[in-house]
Amino acid sequence: MADATSVLHVSPVIPVVTIDDPQHAVPVARALADGGIRIIELTLRTDSALTSLKLIANEVPDILVGAGTILTPGQADAAVAAGAQFLVSPGVTPALLGHMLSLDIPVLPGVATVGEVMAVLESGLEAMKFFPAGPAGGPAYLAAIGAPIPHVQFCPTGGISLATAPDYLSLTNVQCVGGSWLTPRAAVESGNWQQITELARQASALGI
Ligand code: 3PG
């Protein structure tokens, strides 16, 4: 149950979404769904993030919504209570990983080194977020990890764009990538849902 491999197969891109005003949450989610994206990692980086998470979980059933930027066990609990359908952390500690695994929903822990991949593997998870993908070594680094550890699937995130996503998606150990480029802050704040739908459409086409 805790393994997030199924989460990696929903869409070729997991939009990493940060929302300040909860009134934007449902329109953003619908705009992404209109463009063919069926998943959101909603970051817990704003005071109202849990309210936005709850709104999307309740009102946009065709979107799988998870909570990102989980740094503490308390945040994981709060995210699950708000309706998160999966949890994403930028990195892992033994205490945080152990707690997230106890919550019985898919968990996508962040890793950036071979040792961290091995530590998470010991917990039984074979799906991980590779973060921050660009600065940590990019596609060449992931390809190299795939030689000794071919059975781990990654969602690289951090510094990826529509232009560079194919370099990652062509790897056998990458099912999807994550990125914030689908929901530019200016588009969210000005209510430019059409732009978000178009960006989602382009991202969806990466999977064709
Ligand atoms: C994340 O939390 O995954 C990153 O902030 C997303 O990285 P990006 O903004 O470079 O896409």
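The following paragraphs examine the structure supplied in this document. (Residues numbered from 1 in each chain as written. Predicted model: local features only at pLDDT ≥ 70, side-chain atom pairs only at ≥ 80, totals over all residues. Heavy atoms only, no water.)

**Topic: the overall build of the protein chain**
Where we set the bar: Numbering of helices and strands runs from the N terminus; a helix is a DSSP stretch of H or I covering at least four residues, while a strand is a stretch of E covering at least two. Exposed residues in this analysis have more than 50% of their type's maximum accessible area, buried residues have under 20%, and partly exposed residues fall in between, with area computed by a 1.4 Å probe over protein chains only. Throughout, a residue-residue contact means that at least one pair of heavy atoms, one from each residue, lies within 4.5 Å. Think of it this way: Lys and Arg go in the positive column, Asp and Glu in the negative one, and His and the chain ends go nowhere. Where a charge lies is defined by one atom per residue type: Lys uses NZ, Arg uses CZ, Asp uses CG and Glu uses CD.
If you tally the helices and strands in the protein chain, you get 10 helices and 8 strands. In the protein chain, which comprises 208 residues, the proportion classed as buried is 50%. Across the protein chain, the fraction of contacts at a sequence separation of at least 24, relative to all contacts at a separation of at least 6, is 60%. In the protein chain, 7 side chains carry a positive charge and 16 a negative one; their mean positions are 7 Å apart.

**Observations concerning the state of the cysteines**
We count it as follows: Cysteine sulfurs are considered disulfide-paired once they come within 2.5 Å of each other.
In this structure the tally under the stated criterion is 0 disulfides. Of all cysteine sulfurs in the structure, the one in Cys176 sits closest to Cys155, which takes part in no disulfide; the separation is 3.6 Å. Using a relative accessible area of 2% as the deciding quantity, one classes Cys155 as buried. Assessed through its relative accessible area of 0%, Cys176 is described here as buried.

**What to know about the site of the ligand**
Basically, it comes down to this: Whether a residue is near a molecule or strand depends on its heavy atoms: if one lies within 4 Å, it is near. Between N or O atoms, a polar contact is any pair within 3.5 Å; within protein, one atom must be a potential hydrogen donor and the other a potential acceptor, and residues adjacent in sequence are included only when both atoms are from side chains. Computed with the Shrake-Rupley method and a 1.4 Å probe, the accessible areas treat only the protein chains shown as cover for residues. Each residue is assigned to one of three groups, with Ala, Val, Leu, Ile, Met, Phe, Trp, Tyr, Cys and Pro labelled nonpolar, Asp, Glu, Lys and Arg labelled charged, and all others, Gly among them, labelled polar.
Residues in close proximity to the ligand include Val16, Arg45, Lys129, Phe131, Thr157, Gly158, Gly159, Gly179 and Ser180, which together make up its full environment. Here Arg45 contributes a side-chain N or O atom positioned 2.3 Å from an oxygen atom of the ligand. Contact between the ligand and Lys129: an oxygen atom at 2.8 Å from a side-chain N or O atom of the residue. Within the complex, 78% of the 310 Å² of free accessible area of the ligand lies under protein. When grouped by side-chain class, the residues that make up the shell around the ligand number 2 nonpolar, 5 polar and 2 charged.

**Here's the deal with helix 1 (residues 25-34)**
Since the α-helix advances by 3.6 residues per turn, residues separated by three or four positions end up pointing in the same direction. Where burial is concerned, most of helix 1 is hidden: 7 out of the 10 residues are buried. For helix 1, the complete set of buried residues consists of Ala25, Val26, Val28, Ala29, Ala31, Leu32 and Ala33. Buried residues belonging to helix 1 abut strand 1 (13-17), strand 2 (39-43), helix 2 (49-59), helix 9 (185-190) and helix 10 (193-204). Backbone geometry just after helix 1 places Gly36 at a positive phi near 95 degrees.

**Some thoughts on the side chain of Thr43**
With respect to the helices and strands, the residue Thr43 is situated in strand 2. Only 2.7 Å separates the side chain of Thr43 from the side chain of Thr18, close enough to count as a polar contact. Here Thr43 is in contact with Val16, Val17, Thr18, Ala49, Gly68 and Thr69, once residues within four sequence places are set aside.

**Some remarks on the environment of Ser89**
Assignment of secondary structure puts Ser89 in strand 4 (residues 87-89). Residue classification places Ser89 among the buried positions, given a relative accessible area of 0%. Not counting chain neighbours up to four residues away, the residues in contact with Ser89 comprise Ile70, Leu96, Met100, Leu108, Pro109, Gly110 and Lys129.

**A closer look at the nonpolar core**
Applicable threshold: Definition used in this section: a nonpolar core is a set of buried Ala, Val, Leu, Ile, Met, Phe, Trp, Tyr and Cys residues joined via side-chain atoms within 4.5 Å.
Ranked by internal contacts, the top residues of the largest apolar core, which has 71 residues, are Leu32, Ile40, Ile56, Ile70, Leu87, Phe154 and Val177. Counting residues per element, this core draws most heavily on helix 1, which supplies 7 residues. Beyond its immediate chain neighbours, meaning those up to four positions away, Leu87 contacts Ala67, Ile70, Ala76, Ala79, Val80, Met100, Leu103, Ile105, Pro106, Val107 and Leu108.

**A look at the packing of aromatic side chains**
Put simply, the rule is: Centres within 6.5 Å are what make two rings of Phe, Tyr or Trp a pair, Trp counting through its six-membered ring; a difference in plane orientation under 30 degrees is then read as stacked, over 60 as edge-to-face, and the rest as tilted.
In the structure shown here, the tally under the stated rule is 2 aromatic pairs. A centroid spacing of 5.5 Å and a plane angle of 10 degrees characterise the contact between Phe130 and Tyr141, whose relative ring orientation is stacked. Highlighted residues: Phe130 in strand 6 (residues 127-130) and Tyr141 in helix 7 (residues 138-146), separated in sequence by 11 residues. By relative accessible area, which is 1% here, Phe130 ends up buried. For Tyr141, a relative accessible area of 27% gives the class partly exposed. With a centroid separation of 6.3 Å and 70 degrees between ring planes, the pair formed by Phe130 and Phe154 is classed as edge-to-face. Placement of the pair is Phe130 in strand 6 and Phe154 in strand 7 (residues 153-156), with a sequence separation of 24 residues. Each residue in the set Phe130, Tyr141 and Phe154 is aromatic and connected to the rest through ring pairs, giving one cluster.

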